[in-house]
Amino acid sequence: MQLDLHKIIEVPGGKVSFTCEPDLADLDFDGIEGFYEPLKAVGQVMNRAGVLVLTAELTAGLDCVCARCLKRFRKAYSLSTEAVLSAEEPENEDTDMYLLEGDCIDTDEVILTAFVLSLDQRQLCSEDCKGLCSRCGKNLNDGPCACKAESDPRLAVLGQLLEE
Ligand SMILES: [Zn+2]
Ligand SMILES: [Zn+2]
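Residues numbered from 1 in each chain as written. Chains lettered and ligands numbered in written order. Predicted model: local features only at pLDDT ≥ 70, side-chain atom pairs only at ≥ 80, totals over all residues.

Regarding the pairing of strand 3 (residues 32-48)
Judged from the six bridges that link them, strand 2 (residues 15-20) and strand 3 form a sheet pairing that is antiparallel. Across the sheet, residue valine 16 finds its bridge partner in strand 3, namely valine 45. With 13 bridges joining them, strand 3 and strand 4 (residues 51-65) adopt antiparallel strand pairing. Looking at the pairing, lysine 40 lines up with threonine 59 of strand 4. Between strand 3 and the antiparallel strand that follows it, strand 4, lie two residues; alanine 49 among them carries a positive phi value of about 50 degrees. (Pairing = 2+ DSSP bridges. Helix = DSSP H or I, 4+ residues; strand = E, 2+ residues; numbered from the N terminus.)

Okay, structure coming up:
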């Protein structure tokens, strides 16, 4: 969505509010199968002493697949983000800045970028998820599987052989 900022570009203290729902249909995210609530942002752009600053609250409902145990689970997502908008290319390329197009800013682009950068590398059903047994495939969150007791002594023997 193009948000027109011409009313506040020259007006310190001026504000423009916006809401946006960027289209995620063409995007793939590791471990996210879908959205049970669409990604939404509610925010504003404010002229802070001549600098245009966009602030927004993002929310979404993610349908995830655990990277360790493959269980499907839902995760409520939220993020507060802030970005500086500028009419000119930043001199320092490291600066996080979004360029205006004329007097407008593409809020979808700003919100999508903040969303993608904030996502975890992989989705886990819980931080201490034990995952699946690599031999029998049992979900170890439901309790230990039978292989473990059997394999330990053999591995110990193998370990001794390798050392010799
Ligand atoms: Zn898991
Ligand atoms: Zn097993």
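Re the environment of glycine 34
Turning to its location among the elements, glycine 34 is positioned in strand 3. Between the C-alpha atoms of glycine 34 and leucine 62, which are 28 residues apart in sequence, the distance is 6.2 Å.

Some remarks on unusual backbone geometry
Peptide bonds are, in most cases, trans, and in most cases residues other than glycine have a negative phi. Even without being a glycine, alanine 49 presents a positive backbone phi close to 50 degrees. Considering the arrangement of structural elements, one finds alanine 49 in the loop between strand 3 and strand 4. In the Ramachandran plot, leucine 70 falls in the positive-phi region, its phi being about 70 degrees despite a non-glycine side chain. By the secondary structure assignment, leucine 70 is in the loop between strand 4 and strand 5 (72-86).

Structural notes on the nonpolar core
Val45, Leu58, Ile105 and Ile111 are the most contacted members of the largest nonpolar core, which has 18 residues in total. For this core, the secondary-structure elements that each account for two or more residues are strand 3, strand 4 and helix 1 (107-118). Residue contributions to this core peak at seven residues, all from strand 4. Among residues more than four places away in sequence, those in contact with isoleucine 111 are Cys20, Pro22, Ala41, Ala56 and Leu58. (Core = buried A, V, L, I, M, F, W, Y, C linked by C-beta atoms within 7 Å. Buried ≥ 20, exposed ≤ 12 C-beta atoms within 10 Å, placed from the backbone. Contact = placed C-beta atoms within 7 Å.)

Re the pairing of strand 4
Here strand 4 pairs with strand 5 via 14 bridges, running antiparallel. Bridge pairing in strand 5 links glycine 61 to alanine 76. In sequence, strand 4 turns back onto strand 5 through a hairpin of six residues, with leucine 70 there showing a positive phi of about 70 degrees.

Focus: the sheet that holds strand 6 (residues 97-99)
Each strand in a sheet pairs with its neighbour through backbone hydrogen bonds, running either in the same direction (parallel) or in the opposite one (antiparallel). Reading across from one edge, 2-3-4-5-6 is the order of the five strands in this open sheet, with mixed pairing throughout. Where the open sheet ends on each side, the last strands, each with one partner, are strand 2 and strand 6. Direction aside, the axes of adjacent strands within the sheet are offset by 25 degrees on average. On the sheet, helix 1 packs against strand 2, strand 3, strand 4, strand 5 and strand 6 and is oriented at approximately 55 degrees with respect to strand 4. (Axes fitted to C-alpha atoms, helices over the stretch in contact; angles between N-to-C directions.)

Examining helix 1
In this model, helix 1 (12 residues) spans 17 Å end to end at C-alpha, consistent with the 16 Å of a helix rising 1.5 Å per residue. Residues Thr107, Val110, Ile111 and Phe115 constitute the buried set of helix 1. Each buried residue of helix 1 lies within a common arc of 130 degrees when the element is viewed along its axis, so the set occupies one face. Exposed and facing more than 90 degrees away from the buried side of helix 1 are Val116 and Leu117. (Expected span 1.5 Å × (residues − 1). Arc of directions from axis to C-beta.)

What is shown is where atoms sit, not what they do.
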